[in-house]
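# Inside the fold
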Number of protein chains: 2
Amino acid sequence: MKLITRNTDYAIRALCFIARKEGKVVAVPELVKALAIPRPFLRKVLQGLTKKGFVRSYKGIGGGFMLAKAPGRIYIIDVAGTFQGPLRLNECFLKKEPCPNRKVCCLKKRIDRLEKYLSSELGSITIGELLKG
Amino acid sequence: MKLITRNTDYAIRALCFIARKEGKVVAVPELVKALAIPRPFLRKVLQGLTKKGFVRSYKGIGGGFMLAKAPGRIYIIDVAGTFQGPLRLNECFLKKEPCPNRKVCCLKKRIDRLEKYLSSELGSITIGELLKG
DNA sequence: CTAAATGATACCATGTTAGTATCATTTTGT
DNA sequence: ACAAAATGATACTAACATGGTATCATTTAG
């Protein structure tokens, strides 16, 4: 029962590292060295981050990646969403009633509440905060 | 990004159904009819519930399943744990530091807090409560 | 003894996760 | 012009988890 996959994990670490370089362009070889993430996998992750607008990429010699937003505006829930889709805690429970005879059972309500809480908690953490510690 | 698999979903429905029968032994055919769950799959789920002591099973003609505890003492987080393992939200984050240079980053702390919250929330919901609605 | 139930177990199909490999394109420096 | 160094795009593979099936053994009521 886990919530965060390695995709997301790697992405967050890469973003933190890039953020610390404040404005410098960071290339994959440097990231691989620093974070010990398999190179091709990291590349794919970074391409994802680029497409979603978290980082800007620069090709060619001296190229690499830079944050596209202020670290304080990058929410980890959005990063997670990029790789794992949106938060849907009660996927299964919505298909059929867990307790037949009741239109909307209390479990769904409670799970919904949980989801809102989780989502607002995760939604409040940014890369910027992670840097400050 | 989901939290509950079909195993767990089916298990909870089955437990609710059995609980309503208060002390009667409920056999698989009846459950299949009522819950529209594939028979062999449901059997496997029930065997899991039996092994973990949520229900007691009776073989032979007239056999089936009965709750082994009061509905109010069956917590859905334990049911989920049976099929999906324990709650470990920061599995990935624990392996390596998301923010190198810091022994314990604040993300881990926050995820830990989330996990405690989730676990206590889910840990407070019982089959008994689901029945009351 | 038989029918109806569960126990144990092995199997299969599909999807997701994690990771690899390859070639195309862009850009900088000489 | 050209080569080197970077990213873009994309296809592929391996391992694992999920969802589901099938089979045979065992128990038990009648």
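Our structure's up above, just so we're on the same page.
What comes next is a walk through the structure. Not measured: the values here are computed from a predicted model.

So, how was this worked out
- Residues numbered from 1 in each chain as written.
- Chains lettered and ligands numbered in written order.
- Predicted model: local features only at pLDDT ≥ 70, side-chain atom pairs only at ≥ 80, totals over all residues.
- Helix = DSSP H or I, 4+ residues; strand = E, 2+ residues; numbered from the N terminus.
- Buried ≥ 20, exposed ≤ 12 C-beta atoms within 10 Å, placed from the backbone.
- Contact = placed C-beta atoms within 7 Å.
- Near = placed C-beta within 6 Å.
- Nonpolar A, V, L, I, M, F, W, Y, C, P; charged D, E, K, R; others polar.
- Pairing = 2+ DSSP bridges.
- Expected span 1.5 Å × (residues − 1).
- Core = buried A, V, L, I, M, F, W, Y, C linked by C-beta atoms within 7 Å.
- Axes fitted to C-alpha atoms, helices over the stretch in contact; angles between N-to-C directions.
- Left-handed = near helix turned anticlockwise from the far one by under 90°.
- Parallel < 35°, antiparallel > 145°, perpendicular 65-115°, else oblique.

The secondary structure content of chain A amounts to seven helices and two strands. Counted from the first residue to the last, chain A has its helices and strands arranged as α-α-α-β-β-α-α-α-α. Here chain A, with 133 residues, has 34% of them falling under the buried criterion. The long-range fraction of contacts in chain A, counting pairs at least 24 apart against all pairs at least 6 apart in sequence, stands at 64%.

Taken together, 26 residues sit near DNA strand C, with Thr5(A), Pro38(A), Gly60(A), Val28(B) and Ser57(B) positioned nearest. For the surface near DNA strand C, the secondary structure elements donating two or more residues are α1 (6-20) and α3 (39-51) of chain A together with α2 (28-35), α3 (39-51) and β2 (64-67) of chain B. For the surface near DNA strand C, the leading source of residues is α3(B), giving four residues. Partitioning the surface near DNA strand C into residue classes produces 10 nonpolar, 11 polar and five charged.

Our next topic: the protein's contact with DNA strand D. Surveying the vicinity of DNA strand D reveals 26 residues, the closest of which are Val28(A), Ser57(A), Thr5(B), Pro38(B) and Gly60(B). Mapped onto the surface near DNA strand D, the elements with two or more residues apiece are α2 (28-35), α3 and β2 (64-67) of chain A together with α1 (6-20) and α3 of chain B. Class assignment of the residues belonging to the surface near DNA strand D gives a composition of 10 nonpolar, 11 polar and five charged.

Here we come to the pairing of strand β1 (residues 55-58) of chain B. Sheet analysis places β1(B) next to β2(B), joined by four bridges and oriented antiparallel. The residue bridging Val55(B) from the neighbouring strand is Leu67(B), located in β2(B).

For α1(B), built from 15 residues, the straight-helix expectation of 21 Å at 1.5 Å per residue is met to within 8% by its first-to-last C-alpha distance of 21 Å. Regarding α1(B), the residues found buried are Thr8(B), Asp9(B), Tyr10(B), Ala11(B), Ile12(B), Arg13(B), Ala14(B), Leu15(B), Cys16(B), Ile18(B) and Ala19(B).

In this section: the environment of Lys44(A). Residue and element names in this part refer to chain A. Among the secondary structure elements, Lys44 is positioned in helix α3. On the neighbour-count criterion, Lys44 (13 C-beta atoms within 10 Å) is partly exposed. Sequence separation between Lys44 and Ile125 is 81 residues, and the spatial gap between their C-alpha atoms is 24 Å.

The phi torsion at Ala36(A) lies on the positive side, around 55°, for a residue other than glycine. Classification of Ala36(A) as exposed rests on a count of 11 C-beta atoms within 10 Å. Phi is positive for Glu22(B), close to 30°, though the residue is something other than glycine. Its 9 C-beta neighbours within 10 Å are what place Glu22(B) among the exposed residues.

If you look at the biggest cluster of nonpolar residues, it comprises 67 residues, and the most contacted ones within it are Leu15(A) and Leu15(B). Not counting residues up to four positions away in its chain, the partners in contact with Leu15(B) are Phe54(B), Ile74(B), Val79(B) and Ile127(B).

Residue and element names in this part refer to chain A. With respect to the secondary-structure elements, Leu31 resides in helix α2. Leu31 gets classed as buried once you count the C-beta atoms within 10 Å, which come to 23. Here the alpha-carbon distance between Leu31 and Ile18, two residues 13 residues apart in the chain, equals 8.4 Å. Excluding residues that lie within four positions of it along the chain, Leu31 makes contacts with Ala14, Phe17, Val26 and Leu42.

All names here are of chain B. At a minimum axis distance of 10 Å, the contact between α2 and α3 shows a crossing angle of 115°. As α2 runs across α3, the sense of the crossing is right-handed. Counting all contacts with α2, which are made through Val28, Leu31 and Val32, the residues of α3 involved are Arg39, Leu42, Arg43 and Leu46. Residues that form the contact of α2 with α3 fall into these classes: five nonpolar, no polar and two charged.

The next subject is the packing of α1(B) against α3(B). Residues and elements named next belong to chain B. Close contact between α1 and α3 brings their axes to 10 Å; oriented N to C, the two are set at 75°. On the basis of the axis angle, α1 is roughly perpendicular to α3. For the pair α1 and α3, the contacting residues are Asn7, Tyr10, Ala11 and Ala14 in the first and Leu42, Val45, Leu46 and Leu49 in the second. Among the residues forming the contact of α1 with α3, the class breakdown is seven nonpolar, one polar and no charged.

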